[in-house]
Amino acid sequence: MELKGISRRAFMKVAGAGAAALAMSDRLLVSQALAQKVAPDKEEAGYTFCDACNGVPFCGIKFSRKGNVITGIEPWPGFPTASICSKAYGTLQRIYHPNRLKYPMKRTKPKGSSDPGFVRISWDEAYGMIVGNMKRIREKYGPHSVFFYVGDPKEPRASVQRLAATFGSVNYGDESSVACRKGAYTAEVLTYGFGTTGSPATKETRSMLVWGTNPPYSGPANAWQGLLAAKERGVKFIVVDPRNTPTAATLADIHLQPRLGTTAALAAGMMHVIFEEGLQDEAFCSKWINGIDELKAYVKTFTPAKAAEISGVPEKRIVDAARLYATTKPGGMTLSAQGTTHDLNAANNHRAILMVPAICGYLDIPGGVEAPSNPLEGFGGGWFNGPPAFCMRKKMDEMKPQRMDIKDFPAWADCNFDVQVNRIIEHIQEGKIKAFLAWGFNMMIWPQTHEYQKAFEKLEFSTAVDFFYRPQTHPYVDLVLPGAVNFERLAPFAVFGRKLYGRAPVKPLGECKEDWQIALEIGVRLGHPDVFFNGSVEGACNDILKMWEASYEALRVAGEKGIVIPPRNPDTYQKYETGRMRQDKKPGFPTPSGKVEAVSTILKMHGFTALPEYKEGLKTSKEYPLQLLSGGRIPYITHSKWREDSPWLLELENSATLTIHPDDAAKRGIKKGDYVVLSSQWGELRAKAKLSIMVMPGMVGIMHGWAKANVNELVPRMFDPISGYPPYKEVPVQVKKA
Ligand SMILES: Nc1nc2c(c(=O)[nH]1)N[C@H]1C(S)=C(S)[C@@H](COP(=O)(O)OP(=O)(O)OC[C@H]3O[C@@H](n4cnc5c(=O)[nH]c(N)nc54)[C@H](O)[C@@H]3O)O[C@H]1N2
Ligand SMILES: Nc1nc2c(c(=O)[nH]1)N[C@H]1C(S)=C(S)[C@@H](COP(=O)(O)OP(=O)(O)OC[C@H]3O[C@@H](n4cnc5c(=O)[nH]c(N)nc54)[C@H](O)[C@@H]3O)O[C@H]1N2
Ligand code: SF4
Ligand SMILES: [Mo]
């Protein structure tokens, strides 16, 4: 179906810019032709959240509808994220795309056949297959042999965890336990005892450390607007990113561009300067840092010269950055979810960064790296995690010894309820995992994707819920189920701090069902109608909302404005002094030692390097002289999505594009638009060259998720032993003209 009515030029203008620059308030009329067809219905408003970059529920969307047909979208007035970007507009093409899955399908040919022979079946048959196989496999091999997985979509997670726990399997994992936020989160829990990506610059903040994140391309508008406003107030910015990003170009007073995989060395160099020059907050250090003497001794060897040699950042810049940050008080921090954890020293890299504001005494002070005083009770870190009670986390904790990852990644298992899933190949081969139930599953997420695809063929049963048939993933499963998209689902509602918002969706197309509905209906058919609210999504949401004496009906009545759950306590700072950080109410940080852990008790217990030490990663060579940064976000693509899903967005980049510095291109006789072969020791692909100074000489960049040029085939199956993360951002490569 073609979508008319939007000025293409206007769309392209918007889509080509960064997400945050897209404060589009004009209403976008999508399909006049479609709208005319459904007249004479009067136009009504609907509300939902954008799931297009998967940090969901994220930006608010208000839409107009005629009957069940959406006729236009605009930013939700007054919503905390301020505006919507090109990808949100792209969701309109996704909902009406002719290739959308609209009914369940089962394979009719054995795994390994060139064509799986998918045929349409009824939901009844699909549920029969799922529940029959789940029960059979549980009986034969035990409940933990069934793995429950949610990919990048965060929305289904709570319902799927409840399903896993009720079924009796501890083996629940998600994309965050492959590659995303939880590597950094693990480092944060090991070091501070709580998760944080830093905090926004407040009116008290005087300096900001922005390490490995590029919010104008990757985040909602309000995050970037907040940083821009801080810049205007005169806050000093140190931006650490190997690339010349818009963030660095716009904000940086000092831009540090380290070689990939050298984070911990650079952070150690900065700490060296701070300690040598006595710029640390000694009172905080001696009272609140576990292993401060060991840390001082360790970074003493990291002179700026040594840090410069390893990281490639000029010595003077390291010194200047350390001085600026430590003396321009108070200093805040904004970190990437994953930019600094995509190499083989992932967890300790991130721990090293976290120690920089800690030694400066910036933790939980006004304008520093604040710990929230009043997180919404019982919500447990957003839909990334899901509310612990609803997700039956207690039951999952009791089953911890049965976790599939406990031997391979014990430190991870101590910090995360979600199972580290990267060694699933071995667990399938050993016969420990027999079935895999997935919501939003993309096999290209994994390094050496083909090895996972091969292993999945050995499973006795697998199923995936998605919006589209994905050729890299679905040929390897038994059953594909059609998911309802963001405009068609009720769950989950949105939470922003203490504000709640509900949706007013349209009905799903065809036989699509929303993720929660599918999880609940499986639960009912497994024999637990009470636990799964008789299959009612609203009932499930109400079970969570009742914690705050709210209900979906109350959200409906509140409409556009949402509702606010009043805070229970006043906002305060330095909560480690007053016992407001720990469950036992004792003063201190929620770590085993009660202090910020430069020396990690948990890492020590498991025999890992307990200090946040630098470790050399994958080395470049004569044959592979360049470093590959795969997956630096671009505004109009998210992972493997937005290729065929949205032709508008695909027009902006219609095949894999390799960004290469003009000097490296010239050395190889490569010109703009030439086809090149990108190769590593582990694989190769073809891409179109784009010459750009956004990457440094010696480094090339490419987006992951291209089915015909899957960069993860170039990444080895090697994992940081603490977090289990693969080196997406440090593989040595070569580039040649094709
Ligand atoms: N080389 C390299 N690889 C990377 C990264 C990198 O930087 N470099 N980044 C990593 C990171 S941080 C992440 S988060 C992962 C991405 O994680 P992936 O899980 O690989 O993300 P997607 O490619 O978006 O795939 C999600 C699939 O779910 C479907 N889907 C989307 N939303 C929903 C939904 O709400 N419900 C259902 N049922 N299906 C849905 C989509 O259609 C798609 O097929 O990739 C990781 N892989
Ligand atoms: N448009 C769009 N938006 C997205 C996504 C998307 O796919 N597309 N994905 C969403 C997801 S799942 C995630 S996790 C977030 C990620 O959000 P961000 O972390 O902001 O996104 P990235 O572009 O990966 O930013 C990482 C930055 O880290 C830099 N970097 C890489 N390696 C290193 C290193 O070793 N040291 C330092 N200092 N910097 C390094 C890269 O150059 C890059 O500019 O984005 C979310 N938003
Ligand atoms: S930043 Fe863009 S893609 Fe991400 S939630 Fe907001 S509107 Fe959607
Ligand atoms: Mo991510």
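No experiment lies behind these values; they were computed from the predicted model shown. (Residues numbered from 1 in each chain as written. Chains lettered and ligands numbered in written order. Predicted model: local features only at pLDDT ≥ 70, side-chain atom pairs only at ≥ 80, totals over all residues. Heavy atoms only, no water.)

Chemist: Teacher, can you tell me more about the domain arrangement of the protein here?
Modeler: Interfaces are often described in size by the accessible area the parts lose on coming together. Domain boundaries in the protein define domain 1 (2-95), domain 2 (125-176 + 378-564), domain 3 (197-370) and domain 4 (626-737). For domain 2 and domain 3, the distance between their C-alpha centroids amounts to 36 Å. (Domains from an automatic or database assignment.)

Chemist: Help me understand the pattern of salt bridges in this model?
Modeler: In a structure, side chains of opposite charge can pair up when their charged atoms sit close to one another. Summed over all chains, the structure comprises 44 salt bridges. Where Asp 414 meets Lys 400, a salt bridge forms, and the shortest distance between an N and an O atom there is 2.6 Å. A residue pair is termed long-range when its members are at least 10 positions apart, and Asp 414 in helix H17 (residues 410-415) and Lys 400 in the loop between helix H16 (393-398) and H17 qualify at 14 residues. Its relative accessible area of 31% is what places Asp 414 among the partly exposed residues. One salt bridge in this structure joins Asp 405 and Arg 403, with 2.8 Å as the shortest N-O distance. (Salt bridge = Lys/Arg side-chain N within 4 Å of Asp/Glu carboxyl O. Helix = DSSP H or I, 4+ residues; strand = E, 2+ residues; numbered from the N terminus. Buried < 20%, exposed > 50% of the residue type's maximum accessible area, 1.4 Å probe, protein only.)

Chemist: Sorry if this is basic, but what is going on with the site of ligand 3 here?
Modeler: Neighbouring ligand 3 are Cys 50, Ala 52, Cys 53, Phe 58, Cys 59, Ile 84, Cys 85, Lys 87, Ala 88, Gly 219 and Pro 220. A per-class count over the shell around ligand 3 returns 9 nonpolar, 1 polar and 1 charged. (Near = heavy atom within 4 Å. Nonpolar A, V, L, I, M, F, W, Y, C, P; charged D, E, K, R; others polar.)

Chemist: Could you clarify how one ought to interpret the sheet that holds strand S12 (residues 254-256) in this entry?
Modeler: Sheets are built from strands that pair by backbone hydrogen bonding, the pairs being arranged parallel or antiparallel. The strand order S9-S14-S10-S11-S12 describes an open sheet built from 5 strands, whose pairing is mixed. Only two strands of the sheet have a single partner each, and these edge strands are strand S9 (198-199) and S12. Bridge count for S9 against strand S14 (residues 331-335) is 2 bridges, and the pairing is antiparallel. Its bridge partner being in S14, Gly 198 is matched across the sheet by Thr 334. Strand contacts of helix H15 (residues 346-359): strand S10 (207-211) and S14, with the helix running at about 160° to S14, the strand carrying the most contacts. (Pairing = 2+ DSSP bridges. Contact = heavy atoms within 4.5 Å. Axes fitted to C-alpha atoms, helices over the stretch in contact; angles between N-to-C directions.)

Chemist: Just checking my understanding: could you explain empty space enclosed by the protein for this structure?
Modeler: Rolled over the atoms, a probe as big as a water molecule pinpoints where empty space is left. Evaluation of the coordinates by the stated rule reveals 1 cavity of 30 Å³ or more. By volume, the largest cavity is sized at about 580 Å³. Surrounding the largest cavity, 38 residues form its lining, Asn 54, Asp 152, Asn 442, His 639 and Ser 640 being those nearest its centre. Residue classes in the lining of the largest cavity are distributed as 12 nonpolar, 15 polar and 11 charged. (1 Å grid on protein atoms, 1.4 Å probe; cavity = no way out; pocket = protein on both sides within 12 Å on 5 of 7 lines; lining within 4 Å. Points joined across faces, edges and corners; volume = space filled by probe spheres on them.)

Chemist: For this particular structure, what's the right way to read the site of ligand 1?
Modeler: Lining the immediate environment of ligand 1, one finds 30 residues, of which Asp 466, Arg 470, Asp 515, Ser 640 and Asn 712 sit closest. At a separation of 2.6 Å, an oxygen atom of ligand 1 approaches a polar side-chain atom of Asp 466. Asp 515 places a polar side-chain atom, nitrogen or oxygen, 2.8 Å from a nitrogen atom of ligand 1. For ligand 1, the accessible surface in isolation is 900 Å², of which the surrounding protein chains cover 99%. Its atoms largely coinciding with the cavity grid, ligand 1 occupies the largest cavity. For the shell around ligand 1, a count of residues per class yields 9 nonpolar, 12 polar and 9 charged. If you count residues domain by domain, the shell around ligand 1 takes at least three from each of domain 2 (125-176 + 378-564) and domain 4 (626-737). (Polar contact = N/O pair within 3.5 Å; in protein donor to acceptor, adjacent residues only side chain to side chain. Areas by Shrake-Rupley, 256 points an atom, 1.4 Å probe, with all protein chains shown as cover. Sits in = over half its atoms within 2 Å of the grid points.)

Chemist: Whenever I open this one, helix H3 (residues 86-95) confuses me. Can you help?
Modeler: In an α-helix, one turn spans 3.6 residues; hence positions three or four apart end up facing the same way. Within H3, 10 of the 10 residues are buried, which leaves the element mostly enclosed by the surrounding structure. If you check which residues of H3 are buried, you get Ser 86, Lys 87, Ala 88, Tyr 89, Gly 90, Thr 91, Leu 92, Gln 93, Arg 94 and Ile 95.

Chemist: How should the nonpolar core be read in this particular structure?
Modeler: One broad rule of soluble globular proteins: the nonpolar side chains tend to lie buried together. Ile 424, Phe 456, Phe 487 and Leu 678 are the most contacted members of the largest nonpolar core, which totals 83 residues. When neighbours within four sequence positions are excluded, Phe 487 is seen to be in contact with Thr 48, Ile 61, Phe 63, Ile 70, Ile 73, Thr 91, Leu 92, Ile 95, Pro 505 and Val 506. Judged by nonpolar contacts, the second largest core, of 64 residues, contains Phe 194, Trp 211, Ile 238 and Met 333. (Core = buried A, V, L, I, M, F, W, Y, C linked by side-chain atoms within 4.5 Å.)

Chemist: Hey, could you run me through the pairing of strand S22 (residues 626-630) in this one?
Modeler: When a strand is regular, its side chains alternate between the sheet's two faces. Of all the 5 residues making up S22, 5 are buried; the element is thus mostly covered by neighbouring parts of the structure. Here S22 pairs with strand S27 (residues 731-737) via 3 bridges, running antiparallel. Pairing of Gln 627 across the sheet is with Pro 732, part of S27. Here S22 pairs with strand S26 (residues 699-702) via 4 bridges, running parallel. Within S26, the position partnered with Leu 629 by the bridge is Gly 701.

Chemist: Whenever I open this one, the state of the cysteines confuses me. Can you help?
Modeler: Joining two cysteines, a disulfide is a covalent bond between their sulfur atoms. This structure, assessed with the given rule, holds 0 disulfides. Residue Cys 360 stays outside any disulfide, its sulfur separated by 8.1 Å from that of Cys 285, the closest cysteine. The structure places no disulfide on Cys 415, whose sulfur is separated from the nearest cysteine sulfur, that of Cys 180, by 17 Å. (Disulfide = S-S within 2.5 Å.)

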